[in-house]
Amino acid sequence: MANLVPAGQVPTVAAVLLDSRLPQLDQLFDYAVTPEMAAQIKVGQRVKVPLRSQSRSSFGWVIRLATNTAYDGILQPVTQILGEPAVLTAEVWDLVNHCADRAAGNASDLLRFAIPSRHVRAEKAFLKEVSAAPSDDDSPPALRGVWESAVTPTSVIDEITAKLQAGSCLSFEMNHGMDQLPNSLWVQGWAATLALLAEREIREGRSIIICVPDYRDLNQLAAALRALVAARVTRVDAKQSKEDRYRAHLECLTEVPRVIIGNRAAVLAPAHNLGTIVIWDEADPLLQFPKAPYMHSRDIALVRQSQTGCAVLSAGYSRSVAIQRLVEIGIFETAANPPKRTTVRALESLPAERTGGRISSGVVVAIRAGLETGPVLIQVSKPGYALAGSCARCKTPARCANCTGPLSKTSLTAEISCLWCLETFTHWRCTECRGTQLQLRGAGSERTVEQLSVTFPGVPLVLSDGTHPVQLVSGDPAIVVATPGAEPVAAAGYAAVVLLDAENMLQIPTLSISEDCLRWWENAAAKARGDGICYISRELGGVTEVFLRGTLIAWLRSELALRNSLRFPPAVRVASVEGTHTEVETALAKLTEFTAYDVLPPVKMSNGAWRAIVRFSYAIGAEVARTLRAAVVAAAAGRQGSRARPRTRAPELLRVRMDDQTVFDAYTRTVTEAPEELG
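If you're wondering where the values come from, they're calculated on a predicted model, not measured in any experiment.

What is the right way to read the overall build of the chain from this model?
Secondary structure assignment for the chain yields 18 helices and 34 strands. Overall size of the chain, expressed as C-alpha extent along the three principal axes, is 90 × 70 × 50 Å. Considering only intrachain contacts with a sequence separation of at least 6, the fraction spanning at least 24 residues in the chain is 72%. Accessible surface, the chain as shown: approximately 30700 Å² in total, 51% of it carbon and sulfur. Charge separation in the chain, taken as the distance between the mean sites of 71 positive and 69 negative side-chain charges, equals 6 Å.

Looking at this model, I keep getting lost on unusual backbone geometry. Mind explaining?
Residues apart from glycine generally show negative phi values, whereas peptide bonds are mostly found in trans. For the peptide bond that leads from Ala292 to Pro293, omega is 5 degrees, which places it in the cis range. With respect to the helices, strands and loops of the structure, Pro293 is situated in the loop between strand 13 (274-280) and helix 9 (297-308). Residues Pro569 and Pro570 are joined by a peptide bond in cis, for which omega reads 5 degrees. Mapped onto the elements, Pro570 comes out in the loop between helix 16 (552-566) and strand 31 (573-579). Look at Lys395: it is not a glycine, yet its phi comes out positive at around 70 degrees.

How should empty space enclosed by the protein be read in this particular structure?
Gaps between atoms show up when a probe of the same size as a water molecule is rolled over them. All chains considered together, the criterion is met by three cavities of 30 Å³ or more. Along its surface, the largest cavity is lined by Ser171, Glu173, Asp281, Glu282, Ala283, Ser314, Ala315, Gly316, Ser318, Arg319, Ile323 and Arg519. Only strand 7 (169-173) and strand 14 (311-316) provide two or more residues apiece to the lining of the largest cavity. Looking at the lining of the largest cavity element by element, the count peaks at three residues for strand 14.

What am I meant to see in the sheet that holds strand 12 (residues 259-262) here?
Strands belonging to one sheet form pairs held by backbone hydrogen bonds; the direction of such a pair is parallel or antiparallel. With parallel pairing, the seven strands of this open sheet are ordered in space as 11-12-10-13-14-7-15. The open sheet terminates on both sides in strands that have one partner only, identified here as strand 11 (233-236) and strand 15 (333-334). Relative to strand 14, strand 13 runs parallel, the two being bridged by five bridges. Pairing of Ile279 across the sheet is with Ser314, part of strand 14. Against the sheet, helix 7 (residues 215-228) contacts strand 10 (207-211), strand 11, strand 12 and strand 13, and its axis sits at roughly 155 degrees relative to strand 12.

Can you walk me through the sheet that holds strand 32 (residues 597-604) in this structure?
Judged by pairing direction, the sheet is antiparallel, and its four strands sit side by side in the order 32-33-31-34 without closing on themselves. With partners counted over all chains shown, the strands left at the sheet margins are strand 32 and strand 34 (655-658), one partner each. Within the sheet, the average angular offset between the axes of one strand and its neighbour, ignoring direction, is 15 degrees. Sheet topology places strand 31 next to strand 33 (residues 610-616); seven bridges connect them, and they run antiparallel. In the strand pairing of strand 33, Arg573 is matched with Phe616.

Would you explain the packing of helix 2 (residues 90-103) against helix 3 (residues 107-114) in this entry?
To describe two helices that pack against each other, one gives the angle between their axes and the distance between the axes. Where helix 2 contacts helix 3, the two axes come as close as 8 Å, and the packing angle between them is 130 degrees. The angle between helix 2 and helix 3 places the two elements in the oblique class. In this structure, helix 2 meets helix 3 at a crossing whose hand is right-handed. Between helix 2 and helix 3, the residues in contact are Val92, Trp93, Val96, Asn97, Cys99 and Ala100 and Ala107, Leu110, Leu111 and Ala114, respectively. When grouped by side-chain class, the residues that make up the contact of helix 2 with helix 3 number nine nonpolar, one polar and no charged.

What am I meant to see in the pairing of strand 27 (residues 479-482) here?
Looking along a regular strand, one sees the side chains alternate between the two faces of the sheet. Every second residue of strand 27 is oriented toward a common face, with Ile479 and Val481 on one face and Val480 and Ala482 on the other, all of them buried. Inspection of the sheet shows strand 19 (residues 376-379) paired to strand 27 by four bridges, in the parallel sense. Pairing of Val376 across the sheet is with Ile479, part of strand 27. Pairing analysis gives four bridges linking strand 25 (residues 461-464) to strand 27, with the strands arranged parallel. Counterpart to Val462 in the pairing with strand 27 is Val480.

Would you take a moment to explain the packing of helix 6 (residues 189-203) against helix 7 for this structure?
Running from N to C, helix 6 and helix 7 cross one another at 50 degrees; their axes reach a closest spacing of 8 Å. Between helix 6 and helix 7, the interaxial angle falls into the category oblique. Pair helix 6 / helix 7 crosses with right-handed handedness. Counting all contacts with helix 6, which are made through Trp190, Ala191, Ala192, Leu194, Ala195, Leu196 and Ala198, the residues of helix 7 involved are Asp217, Gln220, Leu221, Ala224, Leu225 and Leu228.

Before we go on, may I ask you to explain the nonpolar core in this structure?
Soluble globular proteins tend to bury their nonpolar side chains together. Core analysis: the largest hydrophobic core is formed by 49 residues, its most contacted members being Leu111, Leu268 and Ile300. Of all the elements, helix 2 adds the most residues to this core, at seven residues. The contacts of Leu111, once residues within four sequence positions are left out, are Leu17, Trp61, Leu88, Val92, Trp93 and Val96. The next biggest cluster of nonpolar side chains, apart from the first, holds 40 residues, and it includes Leu194, Leu221, Leu228 and Val229.

Just checking my understanding: could you explain the pairing of strand 29 (residues 494-499) for this structure?
In terms of burial, strand 29 is a largely internal element, six of the six residues being buried. Pairing analysis gives four bridges linking strand 19 to strand 29, with the strands arranged parallel. Pairing of Gln379 across the sheet is with Leu499, part of strand 29. Note that strand 29 and strand 30 (residues 528-536) share four bridges and pair parallel. Residue pairing for strand 30: Val498 is matched across the bridge by Tyr535.

What counts, and at which threshold
Residues numbered from 1 in each chain as written. Predicted model: local features only at pLDDT ≥ 70, side-chain atom pairs only at ≥ 80, totals over all residues. Heavy atoms only, no water. Helix = DSSP H or I, 4+ residues; strand = E, 2+ residues; numbered from the N terminus. Contact = heavy atoms within 4.5 Å. Areas by Shrake-Rupley, 256 points an atom, 1.4 Å probe, with all protein chains shown as cover. Lys, Arg positive; Asp, Glu negative; His and termini not counted. Charge placed at Lys NZ, Arg CZ, Asp CG, Glu CD. 1 Å grid on protein atoms, 1.4 Å probe; cavity = no way out; pocket = protein on both sides within 12 Å on 5 of 7 lines; lining within 4 Å. Points joined across faces, edges and corners; volume = space filled by probe spheres on them. Pairing = 2+ DSSP bridges. Axes fitted to C-alpha atoms, helices over the stretch in contact; angles between N-to-C directions. Parallel < 35°, antiparallel > 145°, perpendicular 65-115°, else oblique. Left-handed = near helix turned anticlockwise from the far one by under 90°. Nonpolar A, V, L, I, M, F, W, Y, C, P; charged D, E, K, R; others polar. Buried < 20%, exposed > 50% of the residue type's maximum accessible area, 1.4 Å probe, protein only. Core = buried A, V, L, I, M, F, W, Y, C linked by side-chain atoms within 4.5 Å.

Pasting the structure below:
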């Protein structure tokens, strides 16, 4: 971004990046600046411009102002300037450019996440406040009273800040436990620790960005900052209204140190004198952007670190395989001492009798012991009532006659219905034996609550999942049933945590399920109080034994070594290439100049498109991304130039998704059985 207008002259040309998803339009286009606009237009402003003709228009951002152009035709003029502030900074522009190149995507796709839609009322109110407000107080903020984290002592904070020098990266596993803030509110220790870290950064005149997976984590962090730190805190949240979201972006543009907290998009926020980017629980898939170019906040933070020299802190109760790789190659440092964990015990091997359906007697004993002193958390794998149903006579899975979806019930007395299309079946019959009795298979959170109400009559029961969100519970004895990520915070922590569905979780057929389970279990165990106990079945072995013994780092090393031998991510970078068979083959042919890559041949997918998987080393990642991106642009331009109308619906345009780990999920179950067939 630059203003190339000589002193004393006015701009006559604006180079604009269009806000378009079309790959062939991901470039700068020159537009004429009228004399009326010359005094108002600025680099970074959002503008409205004509597209191909005056009857069609598009939005975009001014990237450069100049007095001449290399285009030898007549330039169309900028139609309208949308807002006085320059909402795009040079630092953010450089960041999205580098990220788009790395992910073979459009820069405008990332800018759509970074810059919210304009809200006129919020803009006018903000500009009025800024013009009327006195100069900012440059004195450093202080803690609100004297307070020290009971979970993370000052020595640990000192260790973090000592290693978080400019340009450094640190992976830090937090201690388990709860902290009571000066306002008597309970939060997890990590939230208080990051609040104290933010206070130090602001006191030294630097901004800090803290990215967390979802609104539950964000609410905890915001509560800790309100109670502990007197500083400028800006929340960038997808759940905010359009007005609040746009105002937050305008606040980030001011040249004052600021604490910026939010979800995955916060890593793209403008920040004055950025000192540190914190990614909390970086293995959570919510930190990956759900739309093109599908980048992870961790990778964007590392790109920003290489550009600005800021520090990056990856914090959590566990560590991902991706971070483990970065640790082993020397990019990330680690803490000197292991974290303090909740006591983890195996469920006692009591008689195999069943109480209330799937609740074993060992689980019942653990729950009763916890209820004597406080609340008990029960972690289950799925929300809802039952996962599916089958014929009680012949065990044939029950399927919907309309969409072939699984049939089940939403409660014990509800009608049989399809979990996909919601069609109800009052008189259901098995297609194989004509039986009429449906047997429920699996238990979700609601059915678990129903079973526990029978086993523990009179005990308060709390359900927390995506449909029934609960964020805080009291410290009184109660049973809290929650799905992973939806576990509420209990005052002072839980007396016991029971991981009820460890076996079901481990059966999810994804490449990262083992590390996901370890993260879910560690996050649940961390909500226990100091003398609390976490229970899990030892009979499962494998990953559960790793959790019981606390040998996560050793397991991560072995897991990364296995993925290295199989050439699975993150040991190598991968790209999925989807489109017509001809387009995919053409794109793959452009890679023949590289040597350190291999291709899993194209296969036809259910939507009619073909998909190939390219695996390549990190050393040639930039070149591979650039080559595949050129193939996408060429394919899009070729389709645009073809005037022949196809008789059938053509597959989607050629698409490239970099670092797409999900394409390896189908291979997960055969890794140990036939690794030679996988590469």
